There are 4 protein chains.
Amino acid sequence: MDDLLTHKRSPDHRTEIAISPEVTCGGNRLMLVAGPCAVESEEQMQECGDALSKAPVQALRGGVFKPRTSPYSFQGMGEEGLQILVESGKQHGLPVIAEIMSAKQLEDAYDSLDVLQIGSRNMQNFELLKEVSLVKKTVLLKRGFAATIEEFLMAAEYIMAGGNANVILCERGIRSFDSMTRNVLDLGAVAVLKQMTHLPVIVDPSHAAGRYELIADLARAAVACGADGLMIECHPQPKKSVSDARQALSLTEMSGLVKSLAAVAAAIGREVSLASEQVLAAK
Amino acid sequence: MDDLLTHKRSPDHRTEIAISPEVTCGGNRLMLVAGPCAVESEEQMQECGDALSKAPVQALRGGVFKPRTSPYSFQGMGEEGLQILVESGKQHGLPVIAEIMSAKQLEDAYDSLDVLQIGSRNMQNFELLKEVSLVKKTVLLKRGFAATIEEFLMAAEYIMAGGNANVILCERGIRSFDSMTRNVLDLGAVAVLKQMTHLPVIVDPSHAAGRYELIADLARAAVACGADGLMIECHPQPKKSVSDARQALSLTEMSGLVKSLAAVAAAIGREVSLASEQVLAAK
Amino acid sequence: MDDLLTHKRSPDHRTEIAISPEVTCGGNRLMLVAGPCAVESEEQMQECGDALSKAPVQALRGGVFKPRTSPYSFQGMGEEGLQILVESGKQHGLPVIAEIMSAKQLEDAYDSLDVLQIGSRNMQNFELLKEVSLVKKTVLLKRGFAATIEEFLMAAEYIMAGGNANVILCERGIRSFDSMTRNVLDLGAVAVLKQMTHLPVIVDPSHAAGRYELIADLARAAVACGADGLMIECHPQPKKSVSDARQALSLTEMSGLVKSLAAVAAAIGREVSLASEQVLAAK
Amino acid sequence: MDDLLTHKRSPDHRTEIAISPEVTCGGNRLMLVAGPCAVESEEQMQECGDALSKAPVQALRGGVFKPRTSPYSFQGMGEEGLQILVESGKQHGLPVIAEIMSAKQLEDAYDSLDVLQIGSRNMQNFELLKEVSLVKKTVLLKRGFAATIEEFLMAAEYIMAGGNANVILCERGIRSFDSMTRNVLDLGAVAVLKQMTHLPVIVDPSHAAGRYELIADLARAAVACGADGLMIECHPQPKKSVSDARQALSLTEMSGLVKSLAAVAAAIGREVSLASEQVLAAK
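If you're wondering where the values come from, they're calculated on a predicted model, not measured in any experiment. (Residues numbered from 1 in each chain as written. Chains lettered and ligands numbered in written order. Predicted model: local features only at pLDDT ≥ 70, side-chain atom pairs only at ≥ 80, totals over all residues. Heavy atoms only, no water.)

We now examine the overall build of chain A. Counting its secondary structure elements, chain A contains 10 helices and 11 strands. Against the 2.2 N^0.38 benchmark of 19 Å for 283 residues, chain A shows a C-alpha radius of gyration of 17 Å, consistent with a compact globule. Counting only C-alpha atoms and orienting by the principal axes, one finds that chain A spans roughly 50 × 45 × 45 Å. Put simply, chain A has 283 residues, and 66% of those count as buried. When the accessible area of chain A is evaluated, it comes to approximately 9,500 Å², of which 51% is carbon and sulfur surface. For chain A, the distance from the average position of its 28 positive side-chain charges to the average position of its 35 negative side-chain charges is 4 Å. (Helix = DSSP H or I, 4+ residues; strand = E, 2+ residues; numbered from the N terminus. Rg over C-alpha atoms; globule rule 2.2 N^0.38 Å. Buried < 20%, exposed > 50% of the residue type's maximum accessible area, 1.4 Å probe, protein only. Areas by Shrake-Rupley, 256 points an atom, 1.4 Å probe, with all protein chains shown as cover. Lys, Arg positive; Asp, Glu negative; His and termini not counted. Charge placed at Lys NZ, Arg CZ, Asp CG, Glu CD.)

Below you can see the structure in the form of structure tokens.
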């Protein structure tokens, strides 16, 4: 495995990936991504954009094509939701991220998105990996919930081998025997990945915990562990969220969390963007 | 979950699915499927077809589009392999099964295949499930290696909900902490599924065991447990197999296994096709 | 690991262990063990002994010192329960098996029991393993619910290394991510163990399944897989069982199961004791 | 489960446990425990005591009765090792912790130890839990490697129900499918436990990671997550450690780690003892 594109060539080899002219991932500054599990309405995304751009976070997420266990569950707003997401991103100066699950969705959403998310269930959908390897846009690759670290890196290798070097890895919890949390956040994998690969590694504590009251603790732990960023689900009114309501933070909680993350980041010599400077930069 | 299409409407509700004019799955007679992990050459598939049609098995498998952990591993012979598989099937009177991983492969292979296999890594590739729900050909759906029984049934529900009632489920082992076997064959899941769903449930002991010397024991266990069939990897020269060589039976071992399965099947009131009668029927 | 006492010295090396003058484990004939999760009363054990000796099974089990997750759950009848178990065994000509969890219980129960069970939670209670290594009575060692096959064999090695060669291994399901069954019965481990060790290997489908309606299928699967015996929980009135009621078979169901096991055993060249001959032998 | 002794009676219910006149666990100040996997010699423990008391840590650990997978591995120095550990603790003003595995070891070591450790393999050794429930000394209870959070708390409940309220919980990683780390550190469990129980919760990153180069990242993550302390394996010459050499920090690395933990602790409003003040207090 010595010549893998995903592997470091030297211990301090790190790649910093720009997802917009202002935002990068993998440098000293953390990339915070937030937004609802699913885009539900224009109003919802306006509220999210308003609050999150001031939190501040560096990117806005929102599911528009939703992978759902049951075919009878809400499958996302699709193209309409995509336009709402993009509009809110533009208005608030935030790059946007959404999951795509097929070649067709890639084509439909390509021009609108700043980052293409490949979800856990598709981490080894090799045909999809090959498709996103042929484009230049940044891919946020989430670890499959029973994928080994090696399989995770090999999935990223598919994307790099095809020609797209812009890959961000995302640990989001693995499946285990306990039902007290939705998944088990594997920060050991984050520590291993930071040593093996030069690619940025971020953490999604929302899907790991599955319960909003655990997210702040896990987010701080991820930062202390060396993660290059976080992706967190939040919602203007968490209890009214159409999906994964149990794990969404309120926008106020999210803003509070960002402040507390800044202190932890500083403790390990990294930084979190402050609201005032980001607003200035956005002008 | 009372109105799910995959659920039984009464305790003895069973669906028998025809994959060719002669072969069904889900009735009293077991459906045995065998063939190499990957189609490698015309000669290889001729040898397989010769031996397996006399074993006898009821269908021929062979990977032509291969999902591989590494992008640098052999990815299958593609269209050329498909033609070799189909040819061998025709010559030996055996319906053929191969995995497809994308809408494009579905289109390319649709006319050639008798059964469309959706592999473990794509069990929750919902866009692909929706594609195969729109066709009429039988789908062999393999359980994801960390999928719950409910998620497995829900993946089948996607296919049925879209209009394709011809689904065969396949348990192939789940991921666990021990490395002595490749996966852990979950026959409890087979027993649960046989009670919950009217769909046929078959077992793949090859990927579960990952070691050829365990396969016969697990195959007999699966039959005793109530599985409606088996899918087993074999190869004319297992050690020369280009992929998963460690788990392939030789063609001779496969023939011997069929005989021993007949006795176990009889012990629980089911049957395995005998060579002579199948040859007669094929005429 | 070449010189381990638990390992085979040649491929056909098998050890047959006598647990009473009439009953052995590891030979061609299966050893069936049955009885309630917990000894509850003299009447209960009389009914069990009556029915089970005619089923027939070859040994009677019953928990008297119970390992319970909560300190507030029923902890077993202790010494009193032990006497009830022993009495029923004597009256019905069945050797008796119960779990012991400490050096003190070993001392108290030693003279009464034919087989000393070490439960899953104590598989790596090395001090207890050392204690039972110093006696001569047969030890039934259950696999820990997250123990690797190697750790399982090494626990048996502790007993043999200390001087007690009479060890029977028992696979009883491992912990996994699905909650549809209580544990996942790992028959691949049984197949592996039968190849690695000369010691007898039996299966407990009751704790694996956790649901009575799955037990017959898993019991038949275990026999077909090559297990040397089974240990199954049953109760005169399953719904009134004080512990694990959900997984107990009725005595009638147990008798029926023995019959069906005979056919599966015969299919692989092994045998199950028939009621009439055993009754004759007991005279 | 409303009246469990281990559960909080109000959201801010916390118990601070004193393990020596100077050291407590569960208050604002973190309790750091360090020392070798196994006590090997007087010289080794002198070096450890010297360096660790200045790091500073608040307690000294060292295995003297070792639970080992194989009966042929080094089983610890026993009574002799215990005296070496105690001597080093006394000389350096550090309370000492060691694992006990049986009633006999409890009796032998009781007077020497400040904290009685119950290891992962004995978390559900209920007879041992009952024994330590009858004494007054603090028990450090490590989570079983496949124990649910509920089972973990119930094991602590055994100790409290028997009369010993001095229990410290220790998360040390759970077993999973990936072999890149020895176990998966479950910080979600730490976050859950801190919300459910008033008992202190510490983290052992050494057994979780199994590789020294990951330990600092995981230690910092544990502190950021809210752990009340850490237990870390270190050795004067890690490569010469007789057991678990792969996961031991050098004494220099350990001292460096303490410094970096202080910053993370401060970021969440907690504190780590500074060398100078502790030395003063020890006078």
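Turning next to the relation of the copies chain D and chain A. The operation relating chain D to chain A is a screw motion whose rotation component is 180°, with 0.0 Å of axial translation and a residual RMSD of 0.0 Å. These values place the two chain copies in the arrangement generated by a two-fold rotation axis. Looking at the rotation axis and the C-alpha trace of chain D, the residue lying nearest is D:Ala221, at 2.1 Å. Most of the interface of chain D is mirrored in chain A, where 100% of its interface residues again form contacts. (Least-squares fit on C-alpha atoms with pLDDT ≥ 70 in both. Contact = heavy atoms within 4.5 Å.)

Residue and element names in this part refer to chain D. At a minimum axis separation of 9 Å, helix α1 (residues 42-54) and helix α9 (residues 251-267) run at an interaxial angle of 15°. On the basis of the axis angle, α1 is roughly parallel to α9. The handedness of the crossing between α1 and α9 is right-handed. Of the residues in α9, those touching α1 at Glu47, Cys48, Ala51, Leu52 and Lys54 are Leu251, Met254, Ser255 and Lys259. Tallied by class, residues from the contact of α1 with α9 come to five nonpolar, one polar and three charged. (Axes fitted to C-alpha atoms, helices over the stretch in contact; angles between N-to-C directions. Parallel < 35°, antiparallel > 145°, perpendicular 65-115°, else oblique. Left-handed = near helix turned anticlockwise from the far one by under 90°. Nonpolar A, V, L, I, M, F, W, Y, C, P; charged D, E, K, R; others polar.)

Further remarks concern the interface of chain D and chain A. Interfaces are frequently sized by the accessible area removed from exposure as the parts join. The partner chain A presents 36 residues to the 36 residues of chain D that form the contact. Across the interface of chain D and chain A, roughly 2,800 Å² is buried in total on both sides, 70% from carbon and sulfur atoms. On the chain D side of the contact with chain A, D:Phe177, D:Met180 and D:Gln195 bury the most area, a combined 19% of that side's loss. Along the contact surface separating chain D from chain A lie two salt bridges. Counting across the chain D and chain A interface gives four residue pairs in polar contact (both at pLDDT 80 or more). Elements represented by at least two residues in the side of chain D that touches chain A include exactly α5 (149-161), α6 (187-196), α8 (212-225) and α9 of chain D. No other element matches the eight residues that α8(D) contributes to the side of chain D that touches chain A. Partitioning the side of chain D that touches chain A into residue classes produces 22 nonpolar, five polar and nine charged. (Buried area = accessible area lost by both parts, 1.4 Å probe. Salt bridge = Lys/Arg side-chain N within 4 Å of Asp/Glu carboxyl O. Polar contact = N/O pair within 3.5 Å; in protein donor to acceptor, adjacent residues only side chain to side chain.)

Attention shifts here to the environment of B:Met231. Residue and element names in this part refer to chain B. Residue placement: methionine 231 occurs in strand β10 (residues 229-235). Placed 28 residues apart in sequence, methionine 231 and valine 203 show a C-alpha to C-alpha distance of 6.2 Å. Setting aside chain neighbours within four positions, we find methionine 231 in contact with Val33, Arg61, Gln117, Leu140, Lys142, Ile202, Val203, Asp204, Pro205 and Ser206.

Inspection of every chain in the model, using the stated rule, returns four aromatic pairs over all chains. Ring geometry for A:Phe126 versus A:Tyr158: centroids 4.6 Å apart, planes at 25°, classification stacked. Of this pair, A:Phe126 sits in helix α4 (residues 126-133) while A:Tyr158 sits in helix α5 (residues 149-161), and the two are 32 residues apart along the sequence. Exposure remark for A:Phe126: the relative accessible area of 1% places this residue in the buried category. Classification of A:Tyr158 by relative accessible area gives buried; the value is 3%. Residue placement shows B:Lys137 over the ring face of B:Tyr110; its charged tip is 4.3 Å from the ring centre. In this structure, B:Arg175 is placed above the aromatic ring of B:Phe145, and the distance from its NZ or CZ to the ring centre is 4.1 Å. (Phe/Tyr/Trp six-rings, centres within 6.5 Å; stacked < 30°, edge-to-face > 60°. Lys NZ or Arg CZ within 6 Å of the ring centre and 35° of its normal.)

Okay, the nonpolar core next. Counting residues in hydrophobic clusters, the biggest one holds 160 residues, and the most contacted among them are A:Leu141, A:Leu169, A:Leu187, D:Leu141, D:Leu169 and D:Leu187. Once you skip the residues sitting within four places of it in the chain, A:Leu187 turns out to touch A:Val203, A:Ala221, A:Ala222, A:Cys225, D:Leu187, D:Leu218 and D:Ala221. Judged by nonpolar contacts, the second largest core, of 159 residues, contains B:Leu128, B:Leu218, B:Val264 and C:Leu230. (Core = buried A, V, L, I, M, F, W, Y, C linked by side-chain atoms within 4.5 Å.)

Residue and element names in this part refer to chain C. Along the chain, the position of asparagine 183 falls in the loop between β8 (167-171) and α6 (187-196). Residue classification places asparagine 183 among the buried residues on the basis of a relative accessible area of 6%. For the pair asparagine 183 and alanine 208, spaced 25 residues apart in the sequence, the C-alpha separation amounts to 4.6 Å. Apart from residues no more than four positions distant in its own chain, asparagine 183 is found in contact with Phe145, Arg172, Gly173, Ile174, Arg175, His207 and Ala208. A distance of 2.9 Å separates a polar atom in the side chain of asparagine 183 from the backbone oxygen of histidine 207.

Along the chain, A:Ala55 connects to A:Pro56 via a cis peptide bond; the corresponding omega equals -10°. Following the sequence through the fold, A:Pro56 ends up in the loop between α1 (42-54) and β4 (59-61). Residue C:Asp244 is not a glycine yet carries a positive backbone phi of 55°.

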